[in-house]
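Chain by chain, the residues run as shown.
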There are 2 protein chains.
Amino acid sequence: LGPRGYEIVIGAGSLAALGHRLRDLARATAAGSLRLGPRALVVGDENTRTYATAVLDGLTAGGFAGDAVLLREGETAKSLTAVATIYDKLASMPADRGTMVVAVGGGVVGDVAGFAAATYARGVPWVVVPTTLLAMVDSAVGGKVGVNHPRGKNLIGAFHQPRAVWIDLTTLGTLPEREYRSGLAEVVKYGVALDAELFDSLEAQAEPLARRDTGALGPVVARCCELKARVVEEDEQETTGRRAVLNYGHTFAHAFEAVAGYGRWLHGEAVAAGMACAARLAVRVGQCPPDVEHRQNRLLARFGLPTRPDGHWLAAAVLEVMRTDKKAVSGRLRFVLPSRLGAAALVERVDERAVIAVLHEIHGDPPHESP
Amino acid sequence: LGPRGYEIVIGAGSLAALGHRLRDLARATAAGSLRLGPRALVVGDENTRTYATAVLDGLTAGGFAGDAVLLREGETAKSLTAVATIYDKLASMPADRGTMVVAVGGGVVGDVAGFAAATYARGVPWVVVPTTLLAMVDSAVGGKVGVNHPRGKNLIGAFHQPRAVWIDLTTLGTLPEREYRSGLAEVVKYGVALDAELFDSLEAQAEPLARRDTGALGPVVARCCELKARVVEEDEQETTGRRAVLNYGHTFAHAFEAVAGYGRWLHGEAVAAGMACAARLAVRVGQCPPDVEHRQNRLLARFGLPTRPDGHWLAAAVLEVMRTDKKAVSGRLRFVLPSRLGAAALVERVDERAVIAVLHEIHGDPPHESP
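Remember, predicted model here, so these are calculated numbers, not experimental data. (Residues numbered from 1 in each chain as written. Chains lettered and ligands numbered in written order. Predicted model: local features only at pLDDT ≥ 70, side-chain atom pairs only at ≥ 80, totals over all residues. Heavy atoms only, no water.)

Residues and numbers for helix α10 (residues 250-260) of chain A, please.
Residue and element names in this part refer to chain A. Burial within α10 is extensive, with nine of its eleven residues counted as buried. For α10, the full list of buried residues reads His250, Thr251, Phe252, Ala253, His254, Ala255, Phe256, Glu257 and Ala260. As for α10, its buried residues are in contact with β7 (152-159), α6 (177-194), α11 (267-284), α13 (315-324), β9 (335-340) and α14 (352-361). Where α10 ends, the next residue or the one after it, Gly261, has phi of about 95 degrees, a positive value. (Buried < 20%, exposed > 50% of the residue type's maximum accessible area, 1.4 Å probe, protein only. Helix = DSSP H or I, 4+ residues; strand = E, 2+ residues; numbered from the N terminus. Contact = heavy atoms within 4.5 Å.)

Quick one: what's the story with the nonpolar core, residue by residue and with numbers?
By size, the foremost hydrophobic cluster in this structure holds 218 residues, and its most contacted members are Tyr120(A), Phe252(A), Val355(A), Tyr120(B), Phe252(B) and Val355(B). Residues in contact with Tyr120(B), not counting those within four places in the same chain, are Leu155(A), Ile156(A), Tyr87(B), Leu90(B), Ala91(B) and Ala95(B). (Core = buried A, V, L, I, M, F, W, Y, C linked by side-chain atoms within 4.5 Å.)

Can you break down the sheet that holds strand β8 (residues 164-168) of chain B residue by residue, with the values?
Residues and elements named next belong to chain B. The sheet built from six strands is open, its strands ordered β1-β8-β5-β4-β2-β3 with parallel pairing. Of all the strands in the sheet, just β1 (7-11) and β3 (65-71) have a single pairing partner and so form its edges. Sheet twist, expressed as the mean angle between neighbouring strand axes with direction ignored, is 15 degrees. Two strands pair when backbone bridges link them, and strand β2 (residues 39-45) and strand β4 (residues 100-105) are joined in this way by four bridges, in the parallel orientation. Across the sheet, the residue bridging to Leu41 is Val101, located in β4. Taken strand by strand, helix α4 (residues 107-119) contacts β2, β3, β4 and β5 (126-130), and its axis lies near 170 degrees from that of β4. (Pairing = 2+ DSSP bridges. Axes fitted to C-alpha atoms, helices over the stretch in contact; angles between N-to-C directions.)

I'd love a proper account of the sheet that holds strand β4 (residues 100-105) of chain A, names of residues and values included.
All names here are of chain A. Taken together, six strands build an open sheet; the order of strands is β1-β8-β5-β4-β2-β3 and the sheet is parallel. Here the strands that pair on one side only, and so sit at the sheet edges, are β1 (7-11) and β3 (65-71). In this sheet, neighbouring strand axes are inclined to one another by 15 degrees on average, regardless of whether the strands run parallel or antiparallel. Where strand β2 (residues 39-45) lies against β3, seven bridges are found, and the strand directions are parallel. If you follow Val43 over to β3, its bridge partner there is Val69. The strands that helix α3 (residues 80-92) touches are β2, β3 and β4; relative to β3, the one it contacts most, it runs at about 160 degrees. Strands β2, β3, β4 and β5 (126-130) of the sheet are contacted by helix α4 (residues 107-119), whose axis makes an angle of about 170 degrees with β4.

Outline the interface of chain B and chain A, listing residues and values.
Between chain B and chain A, the residue contacts involve 36 residues of the former and 36 residues of the latter. At the boundary of chain B with chain A, total buried surface from both sides reaches about 3300 Å², with 56% on carbon and sulfur atoms. Across the chain B-chain A interface, the total number found is zero salt bridges. Counting across the chain B and chain A interface gives ten residue pairs in polar contact (both at pLDDT 80 or more). With six residues, strand β7 (residues 152-159) of chain B is the largest single contributor of residues to the side of chain B that touches chain A. Considering only residue class, the side of chain B that touches chain A consists of 16 nonpolar, nine polar and eleven charged. (Buried area = accessible area lost by both parts, 1.4 Å probe. Salt bridge = Lys/Arg side-chain N within 4 Å of Asp/Glu carboxyl O. Polar contact = N/O pair within 3.5 Å; in protein donor to acceptor, adjacent residues only side chain to side chain. Nonpolar A, V, L, I, M, F, W, Y, C, P; charged D, E, K, R; others polar.)

Go over the environment of Thr251(B) with me, naming the residues and quoting the values.
Residue and element names in this part refer to chain B. Inspection of the secondary structure puts Thr251 in helix α10 (residues 250-260). When the C-alpha atoms of Thr251 and Arg323 are compared, they prove to be 9.6 Å apart, with 72 residues separating the residues in sequence. When neighbours within four sequence positions are excluded, Thr251 is seen to be in contact with Met322, Arg334 and Phe335. Among the polar contacts listed, one links the side chain of Thr251 to the backbone oxygen of Arg334, at a separation of 3.4 Å.

Account for the side chain of His267(B), naming residues and giving values.
All names here are of chain B. Considering the arrangement of structural elements, one finds His267 in helix α11 (residues 267-284). According to the relative accessible area criterion, His267 is buried, its value standing at 16%. Polar side-chain contacts of His267 include one of 3.3 Å to the side chain of Glu257. In this view, His267 contacts Leu134, Lys153, Ser182, Glu186, His250, His254 and Glu257; residues no more than four positions away in its chain are not counted.

Residue-level account of the relation of the copies chain B and chain A, with values.
Rotating chain B by 180 degrees and moving it 0.0 Å along the rotation axis overlays it on chain A with an RMSD of 0.0 Å. This pairing of chains is accounted for by a two-fold axis. (Least-squares fit on C-alpha atoms with pLDDT ≥ 70 in both.)

Account for unusual backbone geometry, with residues named and values stated.
A negative phi angle is the norm for most residues apart from glycine, just as the trans form is the norm for most peptide bonds. All names here are of chain A. For the peptide bond that leads from Met93 to Pro94, omega is -15 degrees, which places it in the cis range. Take Pro94: it is sitting in the loop between α3 and β4. Phi is positive for Arg122, which is not a glycine, with a value near 55 degrees. Within the secondary structure, Arg122 is located in the loop between α4 and β5.

How would you sum up the packing of aromatic side chains? Please name residues and give values.
All names here are of chain A. Overall, the coordinates contain eight aromatic pairs over all chains when judged by the stated rule. Geometrically, the ring pair formed by Tyr87 and Tyr120 is tilted, given 6.4 Å between the ring centres and 35 degrees between the ring planes. Of the two residues, Tyr87 sits in helix α3 while Tyr120 sits in the loop between α4 and β5, which places them 33 residues apart along the sequence. Per residue, the accessibility class of Tyr87 equals that of Tyr120, and both read buried. Taken together, the aromatic side chains of Phe252, Phe256, Trp265 and Phe335 make up a single cluster linked through ring pairs. (Phe/Tyr/Trp six-rings, centres within 6.5 Å; stacked < 30°, edge-to-face > 60°.)

Any chance you could break down the pairing of β8(B) for me, citing the residues and the numbers?
Residue and element names in this part refer to chain B. For β8, a buried count of five out of five residues is recorded, marking the element as mostly surrounded by other parts of the structure. Here five bridges tie β1 to β8, and the two strands are oriented parallel to one another. Looking at the pairing, Ile10 lines up with Ile167 of β8. Across two bridges, β5 lies against β8 in parallel orientation. Each residue of the ladder has a partner; that of Val127, found in β8, is Ala164.

Spatial relationships are all this shows, so hold off on functional conclusions.
As structure tokens, this is what we get:
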């Protein structure tokens, strides 16, 4: 990404060291337009209070004039209101164009803080410190930031690359089990959609990964970041269709989340069910051998993840949300479908009847229920 | 600006033709990532209702599925609330990434609609149809969009280049006199800060320009757009300091507007007073011959524009706002100061005492009142 390139650092117990690293970055960029500091705002939430404090202490030790703000918990905080809280804090510091926003938390904190950074003073520098597996392997890399709109997830947003992604695997220690497993869904996604070798290693190490073994996790997280960074480099602003491959399972997942009501499902759970539907759809339209679906779903199940939407939602409601998805083109449905393990592509103009059939099939509904 | 380049079209009575031009643009880009249409949302306000309708009719005739939303009048509408109104409308259409936002109005409408376009679905295409002189020569060109924060003007914003700038000079016919003259302040700014020849021609044609003679206006508006476009090309995201030259008079102006309360002054009026202060400051610190200040202020007066802030605001209050200005670096004051007619540059670390002295001097205060 040229001058907007940045480093992804993966370590264990490395939170406090971030301040010194940023001080070095600030020194290196002091004269240029990418100037950092001297002020920094740490954004966290109730779950990451301890980590946010450690980062803030490190920043202070690194010579920054630091301040902190904690967002309310959960997906409901991914709103313009949360963004306005950060704007207010930045304005009161007062922040200038070198003031750095440091997001310490999961995807919500990163997305909200990153969007505030993207739009405050037309863009201030930011750094992301993901503390959930989902954020580490997915949202922290790639520069997509934003908030939800009542009509759709992430409808309000921007592209704003962070200056650094700082991953401390020990922060996963305090993650609730359900959230951790939810992150594994995105890990499986990389395997199915982009890297058969990664998928093999996930199968081989499913148990150590499920119990958060750092030794097993390190290379997997690094590989996922690498895969994501490579795709983002090829298609930063999602214009060529290449980046779309990262949305494998997501057209279904977004619709499930919207129909269920945000917050009911964790994102990774919806993605797992979404991948199950997408793989079924791929098999149904004859684009993918059934073996891919079976291996994928078996691995998801070993990670304790769902392989079907829970509840019998009206297929019509799911379809309606899909048509409003920001990745839809003029209301036509588009899905990322696998063709073999480690390869997937965007498929345009998928027949709605096939989608409806998959939604029924996956619940084991008798065929006559299909419209 | 490479693929983000766009055309600026200046005409008279050309509103309805926009739809056909955009249809051609849409056809040319149908296959690519810069796809336009088939939906379009026209954003206007109460003042531009007629023009917005003409544009909407043209879009419909051009084959677009058009819709419209009118914002509340005035600067108070330049808020996140106004942006949310547009988000809601876009979500209800529903818009997709090809849906075009067409802003028909002055700077407020352009900034608000442009910011909504910049941040909806991480950026949808937009076109700006400026209907005030200020918007034509200033805000419509350059891609700066955004809204105000209680703590500062334009604190929330983004860079988002429009696909086209469509100027119909006949829309100036309905502009209130005070607003029209306010626009002339920015025209004078281009002359003083960037183009001595333009300044000469403004002096020579002050009367036809003051009475909105289209023949005199056409070349002047074109020249201002050209100057602005050139500066923006050199420094799109305001990183090299080059683009800062466009802010001649604006450090003072923003502070005056904030201290007076937004809406009390028109932007151009504040800029006129701001240029008077900046020229005085330049003369005071020995960087500029007094003749520049005199010719500038004489021309501003001929256009019925103020050459001093009205009211004796506390210099301390003005300075406090300046320190929070998003162009300030770590609270240090920076001003764009002229060195001769047609040339100005960013001056860092200006002595606050000189600024205070200028604020007193310009009101004719006796020197002992300075702190």
